[in-house]
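Chain by chain, the residues:
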Amino acid sequence: MRWVGVLVFVLCAGCQDQTTGVQTLCNAPRDCAQCQGVEPAKRDQAMAKHIERSVRNAEARALFDALSKVDDGERAKLLAKAAEDAGLSGCILADRYKARHEAWEAHQGSDGAAEPE
């Protein structure tokens, strides 16, 4: 009978509700230890690896997959909506994407040629 309890624990160890999944996604910039001190050109890649390891909820993983198909402005909107729907007070990753989008928009208005990191 003890093994049933162990089996339930092992099966639920991989479980994650949607709120926790979205919160983990939103807090990735703060919680990703591997991202600290990484050069800017490789930071997104390090954060993606952190998110792939940490987010186990199917809906939150689908959101993460959807982010790869849109620009930073849309990423910010999708994440902010998901955070609101999950009852979170904010989303660090959405704020980062929004700031990066706004910087790019401002850059487009100037005579620069390279996308900011």
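As a reminder, the structure under discussion sits directly above these lines.
These remarks concern the structure in this document. (Residues numbered from 1 in each chain as written. Predicted model: local features only at pLDDT ≥ 70, side-chain atom pairs only at ≥ 80, totals over all residues. Heavy atoms only, no water.)

Section: the layout of surface pockets
By volume, the largest pocket is sized at about 390 Å³. Around the largest pocket, the lining is made up of 15 residues, and of these Asp44, Met47, Leu93, Tyr97 and Arg100 lie nearest the centre. Elements that contribute at least two residues to the lining of the largest pocket include exactly α4 (40–54), α5 (58–67) and α7 (92–109). If one sorts the elements of the lining of the largest pocket by residue count, α4 sits on top with 6 residues. Residues that form the lining of the largest pocket fall into these classes: 8 nonpolar, 1 polar and 6 charged. (1 Å grid on protein atoms, 1.4 Å probe; cavity = no way out; pocket = protein on both sides within 12 Å on 5 of 7 lines; lining within 4 Å. Points joined across faces, edges and corners; volume = space filled by probe spheres on them. Helix = DSSP H or I, 4+ residues; strand = E, 2+ residues; numbered from the N terminus. Nonpolar A, V, L, I, M, F, W, Y, C, P; charged D, E, K, R; others polar.)

Let's talk about the state of the cysteines
The final tally for this structure, using the stated rule, is 2 disulfides. Bridging Cys32 to Cys35, the disulfide has an S-S length of 2.1 Å. Disulfide Cys32-Cys35: torsion about the S-S bond near 75 degrees, hence right-handed. A relative accessible area of 0% means that Cys32 is categorised as buried. Judged by its relative accessible area of 5%, Cys35 is buried. Described in terms of the sequence order of its bonded cysteines, the disulfide pattern of the protein is 1-4, 2-3. (Disulfide = S-S within 2.5 Å. Buried < 20%, exposed > 50% of the residue type's maximum accessible area, 1.4 Å probe, protein only.)

Brief notes about the environment of Leu25
With respect to the helices and strands, the residue Leu25 is situated in helix α2 (residues 18–26). Discounting residues that sit within four places of it in the chain, Leu25 has contacts with Ile51, Val55, Ala60, Leu63, Phe64, Leu79 and Leu93. (Contact = heavy atoms within 4.5 Å.)

Side note on the nonpolar core
If you look at the biggest cluster of nonpolar residues, it comprises 24 residues, and the most contacted ones within it are Val22, Leu25, Ile51, Leu79, Cys91 and Leu93. Listed by contribution, the elements that provide at least two residues to this core are α2, α4, α5, α6 (72–85) and α7. In contact with Ile51, not counting residues within four places along its chain, are Leu25, Ala28, Arg61, Phe64 and Leu93. (Core = buried A, V, L, I, M, F, W, Y, C linked by side-chain atoms within 4.5 Å.)

Thoughts on the side chain of Ser54
Structurally, Ser54 can be placed in helix α4. For Ser54, the side chain forms a polar contact with the main-chain oxygen of His50, separated by 2.9 Å. Those residues within four positions of Ser54 in sequence are excluded, and the remaining contacts are Gln16 and Thr24. (Polar contact = N/O pair within 3.5 Å; in protein donor to acceptor, adjacent residues only side chain to side chain.)

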